[in-house]
Amino acid sequence: MTFLFASDLDQTLIYSKRSMGKQAVESDLREVERYEGNPQSFMTATGQRMLHELAEELCFLPVTTRTQSQYERVTGIYKGDAAPKFAVISNGAVILEDGEPIKEWSDHIRKQCVSKKTIVEELMPKIDQHFSEEWVLRVREADGWFVYLIIDREKFPSEKLAFYTKTFREIGWSMSLQGRKLYFMPESITKAGAMEYVKERIGADYVVAAGDSLLDLDLLESADLGLLAAHGEAVRSRIPVSAHIETTEKRGIEAGEEILFRVQQEILQHK
Ligand SMILES: [Mg+2]
């Protein structure tokens, strides 16, 4: 049986100091990402060991909204130089195979975005129109696929989020608020679509998916078992989910560990 574990990274498996929660014990942390010389993301020692062990028994597929350069910094999710064969990055717009983007996949996604007019050039004027406020610190474009704003959470008017979400959905963009980042994602770019492509390529029979944000929900819905981190945006939004999706009991970096325990159990059951 070929088992696929398709998992989001940030705030699902790996955590920054800001997102890990106060219960995290310093001596139990393992650095998994370094940025500009500083440790940036962590797992617990147990979590990291479990993930490294799991990778020998199943196909571990990182599924992240990170761009290629952001993803390539996360070297602690695998042992030594045994990077996963496939990785879904840029929220599904790009699939890496042995570290190289699969061109036919991204060409296919690009065509869909162009035909639906959900391209960055069309979005920018709308962003300018709605978001000139003081809480927008920076506007970032992710390799030409989507846009995110770095915002000041203290000043951000949360009560307007539902209005923004509706406004942008009407022109084909999904929104997601994760920490200090407010994402605008074309509807054609999904984690589920890219996961299905990899599932087909490796001939997987069973998929466990894990995530925390609204951008992860389609991935979890299309899996056989979905694991949702209790602290995340998806749980907070109270969107109804299917019965095969479970929410963790723990929060923060410990939820990451709980997810990996659950995957381990699931493998044992299906062996
Ligand atoms: Mg996440």
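Predicted model only: the values in this text are computed from it and were never measured.

### A few points about the packing of helix H1 (residues 45-54) against helix H9 (residues 253-270)
At step 1: Where H1 meets H9, the axes come as close as 9 Å, and the angle between the chain directions of the two elements is 30°. For H1 against H9, the interelement crossing comes out left-handed. Where H1 abuts H9, its residues Thr46, Gly47, Met50, Leu51, Glu53 and Leu54 lie against Glu257, Leu260, Phe261, Val263, Gln264 and Ile267.
At step 2: Split by residue class, the contact of H1 with H9 holds seven nonpolar, three polar and two charged.

### Topic: the pattern of salt bridges
At step 1: Throughout the structure, instances matching the rule amount to 16 salt bridges.
At step 2: Between Arg49 and Glu53 there is a salt bridge, and its shortest N-O distance comes to 3.6 Å. Taken together, the residues Arg49 and Glu53, both in helix H1 and four residues apart, mark about one turn of the helix.
At step 3: Classification of Arg49 as partly exposed rests on a relative accessible area of 48%.
At step 4: Among the residues examined, Glu53 registers a relative accessible area of 37% and is labelled partly exposed.
At step 5: The partner of Glu266 in a salt bridge is Arg262, with the nearest N and O atoms 3.0 Å apart. Of the two residues, Glu266 and Arg262 are both situated in helix H9; the distance of four residues between them amounts to about one turn of the helix.

### Notes on the sheet that holds strand S5 (residues 86-89)
At step 1: The strand order across the open sheet built from three strands is S5-S6-S7, with neighbouring strands paired in antiparallel fashion. The two strands at the open ends of the sheet, each matched to only one other strand, are S5 and strand S7 (100-101).
At step 2: Relative to S7, strand S6 (residues 94-97) runs antiparallel, the two sharing two bridges. Along S7, the bridge assignment pairs Glu97 with Glu100.
At step 3: Sheet contacts for helix H6 (residues 191-202): S5 and S6; angle to S5, the most-contacted strand, approximately 170°.

### Thoughts on a positive patch on the surface
At step 1: On the surface, a cluster of positive charge is contributed by Arg18, Arg138, Arg140 and Arg180.
At step 2: Locating Arg180 in the fold gives a position in the loop between strand S10 (173-178) and strand S11 (181-186).
At step 3: When its relative accessible area of 35% is taken as the criterion, Arg180 is described as partly exposed.

### Observations regarding the pairing of S10
At step 1: The buried fraction of S10 is high, at five of six residues.
At step 2: Strand direction decides the pairing type here: S10 and S11, joined by six bridges, are antiparallel. Its bridge partner lying in S11, Ser174 is registered against Met185.
At step 3: Two successive antiparallel strands, S10 and S11, enclose a turn made up of two residues, where Gly179 displays a positive phi of approximately 65°.

Reading the values: rules and limits
- Residues numbered from 1 in each chain as written.
- Predicted model: local features only at pLDDT ≥ 70, side-chain atom pairs only at ≥ 80, totals over all residues.
- Heavy atoms only, no water.
- Axes fitted to C-alpha atoms, helices over the stretch in contact; angles between N-to-C directions.
- Helix = DSSP H or I, 4+ residues; strand = E, 2+ residues; numbered from the N terminus.
- Left-handed = near helix turned anticlockwise from the far one by under 90°.
- Contact = heavy atoms within 4.5 Å.
- Nonpolar A, V, L, I, M, F, W, Y, C, P; charged D, E, K, R; others polar.
- Salt bridge = Lys/Arg side-chain N within 4 Å of Asp/Glu carboxyl O.
- Buried < 20%, exposed > 50% of the residue type's maximum accessible area, 1.4 Å probe, protein only.
- Pairing = 2+ DSSP bridges.
- Patch = residues over 30% accessible without salt bridge, like charges linked within 9 Å, V, L, I, M, F, W, Y side chains within 5 Å.
- Areas by Shrake-Rupley, 256 points an atom, 1.4 Å probe, with all protein chains shown as cover.
- Lys, Arg positive; Asp, Glu negative; His and termini not counted.
- Charge placed at Lys NZ, Arg CZ, Asp CG, Glu CD.

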